[in-house]
Each structure stands twice: as structure tokens, then as C-alpha cells.
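Residue strings, one per chain:
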Amino acid sequence: MTGTPHLIDDCFLHDKGRMRHDDVVALITSRLGPVVGISSVRLDNLSGRLLAEGVEAPRNVPLHDNSAVDGYAFAHGDYAADNTMTIGPRIAAGDRPPAPLAGGAAARIFTGAVMPPNADTVAMQEDCTVSDDGMSVTIPAGLRPGANRRLAGEDVKAGDRLLVPGQRLRPQDIAALASLGKSEIGVFDKLRVAIVSTGNELVEPGSVAVLNEGQVFDTNRHMLAALCRDLPVATTDLGILEDDEAAISAALSKAAADHNVILTTGGASRGEEDHIVRTIDRLGKRHLWQIAIKPGRPMSFGQIGDCVFLGLPGNPVAAFVCFLLYCCPALRLLGGGTYREPRRYALPAGFAIKSKKPDRREFQRGWLETDDKGNTVVQKYPRDGSGLISGLRSAGGLIELGEDIRAVKPGDPVNYIPFSEFGITTG
Ligand SMILES: Nc1nc2c(c(=O)[nH]1)N[C@H]1C(S)=C(S)[C@@H](COP(=O)(O)OP(=O)(O)OC[C@H]3O[C@@H](n4cnc5c(N)ncnc54)[C@H](O)[C@@H]3O)O[C@H]1N2
Ligand code: MOO
């Protein structure tokens, strides 16, 4: 039973009156900073974590000049006319730094072994001929000075600034830390994020064999948890909440007490069954609601005490797109990370849009294709519905159509943002 229908308070609101995408990003990036502590974490648990301290190289890597190949090390100045040299000491990787070579001698050397101080060039063993008595080696002609030698400090010089606070540690950064001899380092603690879906129609996948009419399986909670897995956050699954203001209110205030962030989906717009925004207004503060974008217009931001509230729309595509555009930067900044605007690639459209509403920014689902002339073009998923997970699955990224665009012709440049810009790897 519903009461007399009411006109919503901004039913004539044009997208001009909604906050623009760039302003929302500016607000998030200018206001949010770390809300988590710092702990020292060992190398084997550092992947994907956000660095809390800068790292400078205490010494050169590699520490000494060393050989890049198995072969014979010699001083290029001694390169004999017949290219035959006496075989000197044998130096393997891990051996103590060798003594200088005698004039006209070549050391038998192995990959990674320290070069004798007066040797600067290494001939590969496959190119050399050793005499029958094993006393001398003929080196191929034409080796340039310094061939096959790796210089001390050629990877990293002592004092080089390698890593900066806020940086997300990738496998190659962990390699760099290990190469400096670091076994642990200070990183920001994981942000505690609670995820909840709201809606009477939602059913947990696996809990029933067949859906009743009007029911849908809860997709968003699982999609959001998977999106969070690529971020340095620890998630709590709060399950599905019914459209009941008291239940939503109780669950959100409890979650706010021991989480840094609450992520909800659904109930974000203005139907009388949409309780999320009203609940935030009552429990805390709502800072932003309604953005001039598609999909994702009813995205809301707020806080309950010290807990940040990010309210995503219920339509799965809108929830996914808003997560990338707004939750990713917010979670990263709150967790101690830095923000980088996703890179846009202006490429010709392989599609047409006859008419697009002005004053709002659209984020369509798309992918790159090669046209019959061999040019890379952006293709758009043909249907726009905000419930079509198929569009997200077909896509490799988002097509960004700015507020001023009113139509797109094939060949017009459009901005393409690959999903990898948000940390989602290709399938
Ligand atoms: N009068 C208005 N109606 C709507 C507006 C509006 O501004 N005024 N906005 C529309 C837009 S845009 C969107 S997006 C949706 C978002 O609304 P809600 O956040 O309130 O979402 P719901 O109404 O709860 O659900 C929308 C749609 O998505 C399905 N859904 C919800 N949660 C899940 C989930 N966890 N997994 C899978 N599917 C989910 C739900 O069943 C609905 O079909 O509102 C428009 N309406
Ligand atoms: O955000 Mo809604 O999905 O635009 O329809």
C-alpha cells in the first residue's frame, strides 16, 4: 500500500543542475587522505600494498662490475693481434673479487661473476676456441670495449630514489626492494570495507534452485567484492539487506563502528523503497548525490561518523562504472595511496550515436577493433541498458562521451579508457 504519489523535489532538474564528473573527482581527490595506520610487512606479503615510506638505494645494484655471459674476460687494451690469450684465473659467480689479470691473459669467467679489476670485456665461450692443451684461448675479432660486461650501479645507483610513499607495490617493485636487501617495509594497513546489497528482490546465488517471479540473484555484492580484490582493502560481506529502513539503519550504524568505508548498492534513487539516502541523512551526513553522468546518476557519498559511505546505484552496470570512476580513487586515497587520472586515448569511433543528451557525461562500454583499412577504431556495445552485464563482459574499456557531445559519427575521435587504467587486467 503506498500513499498519494508525490512529485520528487527536483523532477524538473536538468543535468546542468547536477554535479559534473570532473567536479566529483576533484572533490574526492582534494578531500580524501589516509585513514589507516602503518605496519611493517615482509616481502612475501607486500604485493599490491600501498607504500608508507620512500625508498632510496643504500648501495649500487649490481654492487660490482660483472660478466653478462659465460666466457673469457680480458682487458680490451690487451686484445692481441692474433686474438689468442693465455687463460688466467677461473672466476665463478659468488667468488670473492678477483686479483688483476696478468698482461695478455683472459680469465675463465661465468655469468654474474665479478670482473677482474683491469678487465673490461668478455667474449662468449661459444665464440672462442681453447687450445688442445687448455692453456690459451682464441677470442673472436671485433668485440667492442665493454662487450658483455655489466657495470656496477647500472640497474640502480646508490642514493637513487626508487619508490615513493603512496605507491602501489607491483611484483617488479618487490624485486627492486629485495635487490636492495630489504626484507620488510612500512605499508599502509588495509582499509576495512563493508559491502552490502539492498533490495527485497535480491536472492543469494545458490540459496534457491529457482527464482520466484520478481526476484533476481544478487550480482553486485559479488562483483564489488571481486573489484575490491584488486585493491589493498580487507572486505567484510554484510550480505543482503531488505528494503526496510530500521534494518538498514541498524546494519549501517553497526558497520560504521568498525569499518573505514561502507559500500552499498541499490536503494540509491528516490523511490519510497529506496531507503539508503534517507538513512545516511539520519545517521550521518550526505555530501553528494546525483551526478550528471550515465550510467550512475544516483551515486551518493556521505559519512557516518568517521566511516565513509559510498552508495552505488543498483543497476549492475551503473554500480561497476561508478566503482571504477569514484570508489577506486576514494578507496585508494583513504588507504594511503595516490591518485592518477585514468589515461584516455582519443581514437576514431567505429560506431554512430544519432543523439546524445548534452550536459551529462556518458560512459559507454566498448572495445578496440581493427577496421578494413587496418586502423584501430573504438567499437561500442550496441545496447545501452544499465542492467546488461553482457555489455561489461564484451568490453575492454569505457567510451567517454563528454558533456558537450551531442552526436557521434563514425570516424569522430572519442575517448577510450581501457579497464587496465583502473587495474582490471584483460581476460
Ligand atoms: N524516479 C526515478 N527512478 C529512477 C532514477 C531516478 O533518478 N528517478 N534513477 C534510475 C537510475 S539512473 C538507476 S541506476 C536506478 C538505481 O536505482 P537504485 O540504486 O535505487 O537501485 P534499485 O532500484 O534498488 O535497483 C535498480 C535495478 O538494479 C537491480 N539491482 C539492484 N541491486 C542489485 C544487485 N545487488 N544485484 C543485481 N541487480 C540488482 C534491481 O533489481 C533493479 O532492477 O534507478 C533508476 N530509477
Ligand atoms: O545509473 Mo542508471 O544505470 O543511469 O540507469
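- Identification of the protein chain as Molybdopterin molybdenumtransferase from Hoeflea poritis is taken from an unreviewed UniProt entry.
- Under the heading Cofactor (unreviewed entry), UniProt records this for the protein chain: "Mg(2+)".

## Considering the overall build of the protein chain
Now for step 1: Counting its secondary structure elements, the protein chain contains 7 helices and 26 strands.
Now for step 2: Taken over C-alpha atoms, the radius of gyration comes to 30 Å for the protein chain, far larger than the 22 Å a tight globule of 427 residues would show.
Now for step 3: Principal-axis analysis of the C-alpha atoms places the extent of the protein chain at approximately 105 × 55 × 45 Å.
Now for step 4: Each of the 427 residues in the protein chain was classed as buried or not, and the buried ones make up 45%.
Now for step 5: A fraction of 72% describes how many contacts in the protein chain between residues 6 or more apart in sequence connect residues 24 or more apart.
Now for step 6: Of the roughly 21,100 Å² of accessible surface on the protein chain, 51% is carried by carbon and sulfur atoms.
Now for step 7: Within the protein chain, one finds 46 positive and 52 negative side-chain charges whose respective centroids are separated by 4 Å.

## Examining the sheet that holds strand 7 (residues 121–124)
Now for step 1: Reading across from one edge, 7-4-6-5-9-8 is the order of the 6 strands in this open sheet, with mixed pairing throughout. The outermost strands of the open sheet, each flanked by one partner alone, are strand 7 and strand 8 (129–130).
Now for step 2: Sheet analysis places strand 5 (residues 84–91) next to strand 9 (residues 136–138), joined by 3 bridges and oriented antiparallel. Bridge pairing in strand 9 places Thr84 opposite Thr138.

## So, the domain arrangement of the protein chain
Now for step 1: Per the domain assignment, the segments making up the protein chain are domain 1 (18–36 + 190–334), domain 2 (38–60 + 156–188), domain 3 (66–150) and domain 4 (345–422).
Now for step 2: Centre-to-centre separation of domain 2 and domain 4, based on C-alpha positions: 38 Å.

## So, the nonpolar core
Now for step 1: Ranked by internal contacts, the top residues of the largest apolar core, which has 50 residues, are Leu310, Phe323, Leu324 and Tyr326.
Now for step 2: Among the secondary structure elements, those contributing two or more residues to this core are helix 1 (21–31), strand 13 (191–198), helix 3 (220–228), strand 17 (261–265), strand 21 (307–312) and helix 6 (316–334).
Now for step 3: At 15 residues, helix 6 tops the list of elements feeding residues into this core.
Now for step 4: With residues near it in sequence (within four places) discarded, Phe323 still touches Leu224, Leu227, Cys228, Leu231, Leu263, Leu312, Cys328 and Leu331.
Now for step 5: In this structure, Val41, Val61, Leu180 and Val187 belong to the second largest nonpolar core, which totals 14 residues.

## Let's talk about the site of ligand 2
Now for step 1: Around ligand 2 sit Lys294, Pro295, Gly296, Arg297, Pro298, Asn315, Ala318 and Ser386, and those are all the residues in its vicinity.
Now for step 2: Within the backbone of Gly296, one N or O atom sits 2.3 Å away from an oxygen atom of ligand 2.
Now for step 3: Taken together, the residues of the shell around ligand 2 sort by class into 3 nonpolar, 3 polar and 2 charged.

## Describing the site of ligand 1
Now for step 1: In the vicinity of ligand 1, 19 residues are found, and the nearest of them are Glu201, Asp218, Thr219, Ala268 and Gly314.
Now for step 2: Glu201 places a polar side-chain atom, nitrogen or oxygen, 2.6 Å from an oxygen atom of ligand 1.
Now for step 3: Surface burial for ligand 1 is 70%, taken as the share of its 860 Å² of free accessible area covered by protein chains.
Now for step 4: When the residues that make up the shell around ligand 1 are grouped by side-chain class, the tally is 6 nonpolar, 9 polar and 4 charged.

## Some points on the packing of aromatic side chains
Now for step 1: Per the stated rule, a full pass over the model turns up 3 aromatic pairs.
Now for step 2: Both rings, one in Phe301 and one in Tyr326, keep their centres 6.0 Å apart while their planes meet at 75°; by these two values the pair is edge-to-face. A residue pair is termed long-range when its members are at least 10 positions apart, and Phe301 in strand 20 (residues 300–304) and Tyr326 in helix 6 qualify at 25 residues. The residues Phe301 and Tyr326 share a single accessibility class, namely buried.
Now for step 3: Taking 5.7 Å as the distance between ring centres and 75° as the angle between the ring planes, the aromatic pair formed by Phe320 and Phe419 counts as edge-to-face. Of this pair, Phe320 sits in helix 6 while Phe419 sits in the segment after strand 26 (413–418); the two residues are 99 residues apart in sequence, bridging distant segments of the chain. Take Phe320 and Phe419: they sit in the same class, and that class is buried.

## Concerning the pairing of strand 24 (residues 376–380)
Now for step 1: For strand 24, a buried count of 4 out of 5 residues is recorded, marking the element as mostly surrounded by other parts of the structure.
Now for step 2: Linking strand 23 (residues 361–370) to strand 24, which pair antiparallel, is a turn of 5 residues; within it Gly374 sits at a positive phi near 85°.

## Looking at unusual backbone geometry
Now for step 1: Cis geometry marks the peptide bond from Val61 to Pro62, where omega comes out at -5°.
Now for step 2: Inspection of the secondary structure assignment puts Pro62 in the loop between strand 2 (55–56) and strand 3 (66–67).
Now for step 3: With phi around 70°, Asp359 is a residue other than glycine that occupies positive phi space.
Now for step 4: Summarising the element assignment, Asp359 is placed in the loop between strand 22 (345–348) and strand 23.
Now for step 5: Judged by relative accessible area, Asp359 falls into the buried class, the value being 11%.

Rules and cut-offs
Residues numbered from 1 in each chain as written. Chains lettered and ligands numbered in written order. Predicted model: local features only at pLDDT ≥ 70, side-chain atom pairs only at ≥ 80, totals over all residues. Heavy atoms only, no water. UniProt positions renumbered as here; feature names shortened; annotations may be inferred. Helix = DSSP H or I, 4+ residues; strand = E, 2+ residues; numbered from the N terminus. Rg over C-alpha atoms; globule rule 2.2 N^0.38 Å. Buried < 20%, exposed > 50% of the residue type's maximum accessible area, 1.4 Å probe, protein only. Contact = heavy atoms within 4.5 Å. Areas by Shrake-Rupley, 256 points an atom, 1.4 Å probe, with all protein chains shown as cover. Lys, Arg positive; Asp, Glu negative; His and termini not counted. Charge placed at Lys NZ, Arg CZ, Asp CG, Glu CD. Pairing = 2+ DSSP bridges. Domains from an automatic or database assignment. Core = buried A, V, L, I, M, F, W, Y, C linked by side-chain atoms within 4.5 Å. Near = heavy atom within 4 Å. Polar contact = N/O pair within 3.5 Å; in protein donor to acceptor, adjacent residues only side chain to side chain. Nonpolar A, V, L, I, M, F, W, Y, C, P; charged D, E, K, R; others polar. Phe/Tyr/Trp six-rings, centres within 6.5 Å; stacked < 30°, edge-to-face > 60°.

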